[in-house]
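# Structure assessment
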Amino acid sequence: MNRIIYLRGASQKFSSFLTRQTLASTNIHHAFSRQCANAFSTASPLSLSAKIKELREATNAPMMECKKALTDPEVGGDIELAIEHLRRQGSAKASSKVAGREAKDGLVGLCISHDSSCGALVKVASETDFASRSSVFSNLVLAVANKAVEKEEVDVDTLTSDETVQKLFEEAILAIRENLSIAYVRSLKHTDGSILAGYVHGTTAPNVGTSAAMVELAWINGNEKDTEKAKEAGKKLAMHVVASRPQYLAPSDIPTEILEKEKAILMEQLADSGKPQEVLEKIIKGKLNKFYSEVCLEEQPHVVEEKSPKVSKVLKSLGLEVKRFEAVSIA
């Protein structure tokens, strides 16, 4: 009898234990369900602060302008619409604030097509060295150079009025908050049997730096040989142009008035020498040759080549001649 009572009591205790475990399990299930619900509810739309952060990363615009753009009724918190809003409103506002401010700093960019058939040099001006060293500015300069290569004929006005270029400047001004402008652009298109090569000095990014040059080389008598060797010679010549800064290609390219002025200066320097006229003419000829070696690319000593032979001599030994060159720097 006692054994039956004991078993009955044990059964009641076990039943009570099961009830308690069931209740605990139910509570855990409900808690887990609540946590899942909360997780899904917080994973829905981004908070305003998160959207502001994302918009700043996308545009580099100030925090308050990002907030104003996102809370604009027409935007309604949409990040894509906010980016467009900033471009329309923010860049226009920024442009109006910086317009007229002097832009004396900047960077230059070079772009040459893959087949070396066309190339462009550009200079984009900024107000400060700090702005010109930013990645946003370097990307702008390179993009403008790439756009210049695409055009058949290009100058500052046509490049500035290009719709894509205008958009690039709007975005850059919005991020940098300085007056930015295209200060210089030159393009070269190769002729039959010629190639283009270039060099950028003081690079802050690929093909963007403080100075650059571009040259057009052609095979003498059309005897095309090693194209890669010609490209290497072109790059060295462009490096020389950056370093030596020639003003003309050859003596025949010097304007008559410049040449006559130089001769007059030399005659004045020798007026009281007492030397015969034929001697004076030889002296003047020698001094003019020195003048040519200072200002004419073909006559300059090639500073990149060993022992600095004359540029025209170096190229002739490779079966090449220089047709044209362009150079630009921020100085």
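Anyway, here's the lowdown on the structure attached to this text. (Residues numbered from 1 in each chain as written. Predicted model: local features only at pLDDT ≥ 70, side-chain atom pairs only at ≥ 80, totals over all residues. Heavy atoms only, no water.)

## Thoughts on the packing of helix H6 (residues 135–150) against helix H8 (residues 163–176)
Selection rule: With axes taken as lines fitted to C-alpha atoms, and helix axes fitted only over the stretch in contact, angles between N-to-C directions fall between 0 and 180 degrees. Only DSSP runs of H or I reaching four residues or more are called helices, and only runs of E reaching two or more are called strands; each is numbered from the N terminus. Note on angle classes: values under 35 degrees are labelled roughly parallel, values over 145 roughly antiparallel, values of 65 to 115 roughly perpendicular, and the remainder oblique. Contacts are assigned to residue pairs with any non-hydrogen atoms lying within 4.5 Å of each other. Each residue gets one of three labels, nonpolar for Ala, Val, Leu, Ile, Met, Phe, Trp, Tyr, Cys and Pro, charged for Asp, Glu, Lys and Arg, and polar for the others, Gly among them.
One way to put it is that H6 packs onto H8 with a least axis distance of 10 Å and a crossing angle of 170°. Here H6 lies roughly antiparallel to H8, going by the angle between them. Between H6 and H8, the contacting residues are Val136, Phe137, Leu140, Ala143, Val144 and Lys147 on the first element and Thr164, Val165, Leu168, Phe169, Ala172, Ala175 and Ile176 on the second. Among the residues making up the contact of H6 with H8, the classes are represented as 11 nonpolar, one polar and one charged.

## Description of the sheet that holds strand E7 (residues 320–329)
Spelled out, the test is: Any two strands are treated as partners once DSSP identifies two or more bridges connecting them.
One open sheet accounts for three strands, arranged E4-E6-E7; its pairing is antiparallel. Two strands in the sheet have a free side with no partner beyond their single neighbour: strand E4 (194–201) and E7. Here the average twist between neighbouring strands, direction ignored, is 15°. In this structure, E4 lies alongside strand E6 (residues 211–219), joined through eight bridges in antiparallel fashion. Within the sheet, the bridge partner assigned to Tyr199 lies in E6 and is Ala213. The sheet contacts of helix H9 (residues 227–244) involve E4, E6 and E7, and relative to E6 the element is tilted by about 140°.

## Let's talk about the environment of Glu321
The cut-off we apply is this: When accessible area is computed with a 1.4 Å probe and restricted to protein chains, residues below 20% of their type maximum are described as buried, those above 50% as exposed, and intermediate ones as partly exposed.
Its place among the elements puts Glu321 in strand E7. Overall, Glu321 belongs to the partly exposed group, its relative accessible area being 34%. Distance from Glu321 to Leu217, taken between C-alpha atoms, is 5.7 Å for residues 104 residues apart in sequence. Discounting chain neighbours no more than four positions away, the residues touching Glu321 are Glu216, Leu217, Ala218, Ile220 and Leu315.

## Thoughts on the pattern of salt bridges
Put simply, the test is: In what follows, salt bridge is the name for a side-chain nitrogen of Lys or Arg lying within 4 Å of a carboxyl oxygen of Asp or Glu.
On inspection of all chains with the given rule, the structure shows eight salt bridges. Between Asp129 and Arg133 there is a salt bridge, and its shortest N-O distance comes to 3.3 Å. What makes Asp129 partly exposed here is its relative accessible area of 38%. On the accessibility criterion, Arg133 (38% relative accessible area) is partly exposed.

## Topic: the side chain of Ser329
Among the structural elements, Ser329 can be located in strand E7. If we ignore the near neighbours within four places in the chain, the residues touching Ser329 are Val108, Lys123, Thr210, Ser211 and Arg245.

## Points about the packing of helix H10 (residues 256–270) against helix H11 (residues 277–295)
The condition that has to hold: For a crossing to be left-handed, the near helix must be turned anticlockwise from the far one by less than a right angle; the clockwise case is right-handed.
Put simply, H10 and H11 touch, their axes get as near as 10 Å, and they point 130° apart. One finds that H10 runs oblique with respect to H11. Every pair of crossing elements has a handedness; the one defined by H10 and H11 is right-handed. Contacts between H10 and H11 involve Leu259, Glu262, Lys263, Leu266, Met267 and Leu270 from the first element and Leu280, Ile283, Ile284, Lys287, Leu288, Phe291 and Tyr292 from the second.

## Some points on a negative patch on the surface
Just so we agree on the cut-off: Note on patches: the residues involved have over 30% relative accessible area and no salt bridge, like charges join within 9 Å, and the nonpolar side chains Val, Leu, Ile, Met, Phe, Trp and Tyr join within 5 Å. Method for areas: the Shrake-Rupley scheme with a 1.4 Å probe, in which residue coverage is limited to the protein chains shown. His residues and chain termini do not enter the charge count, which takes Lys and Arg as positive and Asp and Glu as negative. By convention, the point assigned to a charge is CZ for Arg, NZ for Lys, CD for Glu and CG for Asp.
A contiguous patch of negative charge, built from Glu54, Glu57, Asp78 and Glu80, is present on the exposed surface. With respect to the helices, strands and loops of the structure, Glu57 is situated in helix H2 (residues 48–59). The class for Glu57 is exposed, based on a relative accessible area of 57%.

## Regarding the state of the cysteines
Stated formally: Any two cysteine sulfur atoms within 2.5 Å of one another count as a disulfide.
One pass over the full model with this rule turns up zero disulfides. Cysteine Cys111 is unpaired, with the sulfur of Cys118 as its nearest cysteine sulfur at 7.6 Å.

## Structural notes on the nonpolar core
Rules: Put simply, buried Ala, Val, Leu, Ile, Met, Phe, Trp, Tyr and Cys residues joined by side-chain atoms within 4.5 Å make one nonpolar core.
Within the largest apolar cluster, 25 residues are counted, with the highest numbers of intra-cluster contacts made by Val122, Phe137, Leu140, Val144, Leu159, Phe169 and Leu180. Counting only elements with at least two residues in this core, the list comes to strand E1 (105–112), strand E2 (118–126), H6, H8 and strand E3 (181–189). Sorting elements by how many residues they give to this core places H6 first, with seven residues. Phe169 has contacts with Val124, Leu140, Val144, Leu180, Ser181 and Ile182, leaving out every residue within four places of it along the chain. Membership of the second largest hydrophobic core comes to 20 residues, among which are Leu249, Val311, Leu320 and Phe325.

Keep in mind that these numbers describe shape and distance, not what the molecule does.
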